[in-house]
Amino acid sequence: MSSIFIDANRKQIAGRRRIDFSLKLLFLVATSIGVIALMALLIDIITDGIHMIRPELFNNFPSRKASEAGMKSAIVGSLYMLLIMTPLSFLLGVGAAIYLEEYAKKNRITRMIQLNISTLAGVPSIVYGILGLTLFVRELHLGRSLLAGSFTMTLLVLPIIIVSAQEAIRSVPKSRRDASYALGATKWQTVSRSVLPSCISGILTGVILAMSRAIGETAPLVMIGALTFVAFLPTGPLDSFTVMPIQIYNWVSRPQASFQELAASGIIVLLVMLLLMNLSAILLRNKYNKHI
Amino acid sequence: MLKNKGFKSLLMVMMIALLFITAACGNKAEDSTSNGSSDTEQTSDDQSSDTGEEEAVDDEDVTVEMGGQIEIDGSSTVYPLTEAAAEEFGKFNPDVRVTVGVSGTGGGFKRFCSGELAIADASRPIKDEEAKACSDNGIEYSDLTIAYDGLSLVVSKDNDFIDHLTVEELNKIFTTGSTVKTWADVRAGWPAEKILMYSPGAESGTYDYFNEAILEKKGIRNDTQISFSEDDNTLVQGVEGSKYAIGYFGFAYYEENADKLKVVPIDAGKGAIAPSTETIKDGTYAPLSRPLFIYVNKEEMSRPEVYAFADYYINNIGSLASEVGYVPLPDDQYSEEATKLH
C-alpha cells in the first residue's frame with residue numbers, strides 16, 4: 001500500500017518538476033528574445049556605421065555628399081537643448097513633487113492633480129509637439145527656436161520627473177521627518193535638510209533618465225519645426241536648430257547607401273551618449289545610496 | 001554630518017552649474033540682440049535696415065558680405081537639390097544662415113503662404129486653394145523650375161513577365177475602387193498572383209503627381225493590397241522583397257537601387273519608354289516626367305541675401321542636379337528662369 005503512495009508521489013513530483021522546468025525555459029526564452037533583439041540591432045548598426053565614425057562626423061555640417069557630411073550642428077543642438085531644459089525641468093519637476101508629497105493636503109484636488117500627472121506621463125510625444133507649436137511657437141512668438149524646442153521638451157519630461165521624484169521622496173521613512181520635527185525644525189528645514197538629502201539620488205536618477213528620453217525624441221521637434229539642414233551653430237536661444245534624431249532620420253531616408261551608413265554611425269553616437277547618461281545615473285545612485 | 005556635507009557639496013555644484021548655464025544663456029541673448037542685423041531675429045527693424053543696405057549694395061555682387069537667415073521648407077523630393085545649393089552657397093557666404101526643412105510640398109506651401117518662409121520647395125505647381133491663401137495674405141511669389149524628376153514605376157528584379165505597362169493599365173491597377181487583384185486581371189497571360197502595391201503617402205508631392213498624371217485626380221485605391229510610406233527606402237525594400245510587387249517613386253531612388261529593381265517602361269500611346277536622363281530631359285518619358293520648383297517670396301527678395309541665394313540657386317542647380325540624382329533643365333532654360341527673379 002505504501003509503495004502505491006510512493007509511486008503516485010513520484011509521478012506527481014516528476015510532473016511538477018517537468019512543469020517547473022518548462023516554465024523556466026519559457027521565461028528564459030522571454031528574457032533572451034529581448035536581449036537577442038537588442039544585440040542583433042547593436043551588431044547590425046555597429047557593423048554598418050563604425051567605419052563612418054571619424055572626425056568629420058563631429059566637425060562637419062550636413063552635406064549632400066555622404067563623405068563630407070557631419071552632424072556638428074545636430075550634436076551641438078542636442079546639447080544646448082539639454083542645457084536649457086535640465087535645470088528648468090529639475091526645478092519645476094522636483095518643486096512640484098515636493099509640493100505634492102510634503103505640502104499638499106491629501107484631498108480630492110490633490111488626487112485629481114496626481115491622476116492628471118500620471119496620465120500626462122503616458123501621452124504620446126507628438127501631442128506635446130502640437131502643444132509646443134501652438135503655445136510656444138505661435139502664441140508666445142518664440143518661433144521655431146531652440147527655446148521653443150527646449151520648453152516643449154521640458155513639458156514632455158516633466159510628468160516623468162515629477163512621478164519619479166515623488167516616489168523617491170515617498171521612500172524616505174516617516175521617522176526621519178518625525179525626528180526633524182521633534183528637534184523643532186520647520187517644514188522647509190525638514191524637507192531641505194532631512195528629506196531631500198536622503199532621496200536626492202533617486203531624484204537625480206529620474207532626472208537623468210528623463211533627459212535621456214528627451215535626447216532621443218524626434219516627433220515633438222519635427223512638429224515644432226526643428227530643421228533638417230542647419231549649417232551653423234545656434235548662438236542664442238532664439239536661433240534655429242536641429243537635433244541628432246532628426247539628422248539621423250533624414251540620412252536614413254536618403255536613397256544612397258552611404259547615407260544609411262552615416263545614419264548608423266549617427267545612431268552609434270546617440271547610443272553612446274545615452275549609455276553615458278544612464279551610466280552616470282547608476283553611479284550617482286550608488287554614490288549617494290551609501291549615505292542613507 | 002558626513003551625509004550632509006556630501007549633499008551640500010552636490011547642491012553647491014548644481015547651483016554653480018545652474019548659475020553658469022543661466023549666465024551663458026543670458027550672454028547669448030545679449031549677443032544676439034547686440035549683433036543686430038547680422039542675426040536671425042527678423043524683427044521689422046531688422047528688415048527695414050536690411051532693405052536699407054540693399055539700396056547701397058550692388059544686386060549682382062554675390063561676394064559682398066551678407067548676414068541674415070533664409071528659411072526654406074517643403075518637398076522632401078526637392079530637399080537634396082536645395083541642400084546642395086545651400087551647402088555650396090554657404091561656402092561663399094558663411095554668415096548667411098540657410099535652413100531647410102522637409103514638411104512636404106503641402107506643408108511647405110502652408111507655411112510659405114502665411115509668410116513664414118522665404119522659399120518653398122515644391123514637387124508640383126501650387127494648387128489653386130494654396131495660391132488663394134497666398135494672395136489672401138498678400139504674398140506674391142516667383143515660381144522657378146529647377147530640375148526634372150521622372151516618376152519611376154518599379155518591380156522586383158525577379159519579375160520576368162512585365163515588359164511594359166500602358167497608362168490605362170496603370171490606371172486600372174491603382175485607381176480608387178479598383179477591382180484588379182492579380183496580374184492576370186491586368187493583362188491576359190500574366191500570372192494569377194496577387195499584386196502587392198507600394199505608394200508614397202498622401203502628403204507627398206510624388207503621390208499628388210501620380211494622382212494627376214495617371215489616376216485623373218480620382219485618388220488611389222486604399223485596401224489590403226496597397227501599402228503607403230513616406231519613406232521611399234521602405235518602398236524600395238517592399239518592392240524588392242516580392243516578385244509580384246510594384247511601386248513608384250522618384251528617379252533618384254530607382255537610380256540608386258538599379259541593381260535591386262527593374263524599371264517598367266511606360267506606354268502612353270507612343271510606344272514603351274523607360275525613364276532615363278535623356279527621356280526625362282526631352283520629355284518623351286511622358287506623362288511621368290515632372291518638373292520640380294522653388295517658390296520665392298517676392299517681398300523677401302528685397303533682402304540681398306535672399307536675392308543672392310535665389311540667383312545662385314537657379315544659376316548653379318543645373319550642375320548640382322545630376323550629382324544628387326535629378327535631371328537638369330536644358331542650359332538656356334535656366335537663364336530664362338533666372339529672369340523671373342527680376
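Residues numbered from 1 in each chain as written. Chains lettered and ligands numbered in written order. Predicted model: local features only at pLDDT ≥ 70, side-chain atom pairs only at ≥ 80, totals over all residues. Heavy atoms only, no water.

(A) Region of the structure containing the overall build of chain B. Of the regular secondary structure elements, chain B holds 13 helices and 13 strands. Out of the 342 residues in chain B, the part that is buried amounts to 54%. Within chain B, residue pairs in contact and separated by at least 24 positions form 74% of the contacts whose partners lie at least 6 positions apart. Summed over its atoms, the accessible surface of chain B is roughly 15,100 Å², and 51% of this surface lies on carbon and sulfur atoms. (Helix = DSSP H or I, 4+ residues; strand = E, 2+ residues; numbered from the N terminus. Buried < 20%, exposed > 50% of the residue type's maximum accessible area, 1.4 Å probe, protein only. Contact = heavy atoms within 4.5 Å. Areas by Shrake-Rupley, 256 points an atom, 1.4 Å probe, with all protein chains shown as cover.)

(B) Structural detail: the pairing of strand 3 (residues 119-122) of chain B. All names here are of chain B. Residues Ile-119 and Asp-121 of strand 3 are buried on one face, and the alternating residues Ala-120 and Ala-122, pointing to the opposite face, are buried as well. In the sheet, strand 1 (residues 69-74) pairs with strand 3 via 3 bridges, with the strands oriented parallel. Note that in strand 3 the partner of Gly-74 across the bridge is Asp-121. Bridge count between strand 3 and strand 13 (residues 289-297): 4 bridges; the pairing is antiparallel. Of the residues in strand 13, the one forming a bridge with Ala-120 is Tyr-295. (Pairing = 2+ DSSP bridges.)

(C) Expanded view of the sheet that holds strand 8 (residues 226-229) of chain B. All names here are of chain B. Taking strand neighbours across the sheet as the criterion, the 5 strands line up as 8-7-9-5-10 in an open arrangement whose pairing is mixed. Two strands in the sheet have a free side with no partner beyond their single neighbour: strand 8 and strand 10 (261-263). Each adjacent strand pair in this sheet contributes to an overall mean axis angle of 30°, direction not counted. As defined by bridge partners, strand 5 (residues 152-156) adjoins strand 10 across 3 bridges and the pair is classed as antiparallel. Counterpart to Val-154 in the pairing with strand 10 is Val-263. (Axes fitted to C-alpha atoms, helices over the stretch in contact; angles between N-to-C directions.)

(D) Region of the structure containing the domain arrangement of chain A. Residues and elements named next belong to chain A. As assigned here, chain A comprises domain 1 (2-52) and domain 2 (56-290). Contacts between domain 1 and domain 2 engage 8 residues on the former and 10 residues on the latter. Surface buried jointly by domain 1 and domain 2 totals about 660 Å² across both partners, of which 82% is contributed by carbon and sulfur atoms. Counting the contacts that link domain 1 with domain 2 gives 0 salt bridges. Between domain 1 and domain 2 we count 1 residue pair in polar contact (both at pLDDT 80 or more) in total. (Domains from an automatic or database assignment. Buried area = accessible area lost by both parts, 1.4 Å probe. Salt bridge = Lys/Arg side-chain N within 4 Å of Asp/Glu carboxyl O. Polar contact = N/O pair within 3.5 Å; in protein donor to acceptor, adjacent residues only side chain to side chain.)

(E) Region of interest: the side chain of Ser89(A). Residues and elements named next belong to chain A. With respect to the secondary-structure elements, Ser-89 resides in helix 3 (residues 72-103). Polar contacts involving the side chain of Ser-89 include one to the main-chain carbonyl oxygen of Met-85, which spans 2.7 Å. Apart from residues lying up to four places away in sequence, Ser-89 is in contact with Val-94, Thr-154, Val-157, Leu-158, Ile-161 and Met-211.

(F) The pattern of salt bridges, seen in detail. A complete count under the given rule lists 29 salt bridges over all chains for this structure. A salt bridge links Arg64(A) to Glu88(B); its shortest N-O distance comes to 2.9 Å. In this pair, Arg64(A) is assigned in the loop between helix 2 (55-59) and helix 3 and Glu88(B) in helix 3 (residues 79-92), connecting two distinct chains. The exposure class assigned to Arg64(A) is buried, which follows from its relative accessible area of 8%. Look at Glu88(B) and you get buried, because its relative accessible area is 14%. For the salt bridge of Glu305(B) with Arg303(B), the shortest nitrogen-to-oxygen distance reads 3.1 Å.

(G) Here's a closer look at unusual backbone geometry. In this model, Ala286(B) is joined to Pro287(B) through a cis peptide bond whose omega is 0°. If you trace the backbone, Pro287(B) turns up in the loop between helix 11 (277-281) and strand 13. Even without a glycine there, the phi angle at His141(A) is positive, about 55°. In this fold, His141(A) is placed in the loop between helix 5 (125-139) and helix 6 (146-170). Residue classification places His141(A) among the exposed residues on the basis of a relative accessible area of 67%. Phi at Lys217(B) is positive, roughly 60°, even though this residue is not glycine. Along the chain, Lys217(B) falls in the loop between helix 8 (205-213) and strand 8. Residue classification places Lys217(B) among the exposed positions, given a relative accessible area of 60%.

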